Amino acid sequence: MTENTKQKYVINVKTKELNFHALANLAILLNKSGLDSKHVALDLQEVESVTEDFFTFIKNFTESTKLTLLNIPSELFALLNLRRYDKNVKMFNSNLDFIQDKNELVNRKFHVVK
């Protein structure tokens with residue numbers, strides 16, 4: 001876990017699968033360390049798969065925390081957009097973008113107007 005000068009924290013997720021056990025440990029870390037009220041980003045660079053519990057975790061923690069996702073694998077990014085979780089949580093391509101609060105990933109859906 002790293003901290004920058006504006007009280008933003010990055011948690012590097014070092015697991016290939018975010019399952020119930022890994023998310024329970026992450027929730028304990030967030031609650032016990034007092035990070036549940038701070039700007040926290042999960043670096044998902046090494047994550048290859050998630051379970052349904054991941055989406056429950058995102059929903060629960062975005063209600064009480066300023067949760068952000070970083071370095072999201074393309075398949076997971078597509079799934080987040082498909083399930084419309086991109087509306088609930090901020091997403092960035094890199095730690096630097098998160099720290100500077102620039103270049104947020106936003107899924108824009110355009111329609112052809114006749």
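Figured I'd write up the structure that's included with this text.

What counts and how
- Residues numbered from 1 in each chain as written.
- Predicted model: local features only at pLDDT ≥ 70, side-chain atom pairs only at ≥ 80, totals over all residues.
- Heavy atoms only, no water.
- Salt bridge = Lys/Arg side-chain N within 4 Å of Asp/Glu carboxyl O.
- Helix = DSSP H or I, 4+ residues; strand = E, 2+ residues; numbered from the N terminus.
- Buried < 20%, exposed > 50% of the residue type's maximum accessible area, 1.4 Å probe, protein only.

This part covers the pattern of salt bridges. Within the structure shown, the criterion is met by 4 salt bridges. One salt bridge connects lysine 14 with glutamate 46, and the closest N-O pair in it is separated by 3.1 Å. Of the two residues, lysine 14 is situated in the loop between β2 (8–12) and β3 (17–18) and glutamate 46 in the loop between β4 (39–43) and β5 (49–50); the sequence distance between them amounts to 32 residues. Taking the relative accessible area as the measure of exposure, lysine 14 reaches 61% and is therefore exposed. The salt bridge involving lysine 90 is made with aspartate 101; its shortest N-O contact spans 3.4 Å. Of the two residues, lysine 90 sits in strand β7 (residues 90–92) while aspartate 101 sits in the segment after α4 (95–100), which places them 11 residues apart along the sequence. What makes lysine 90 partly exposed here is its relative accessible area of 35%.

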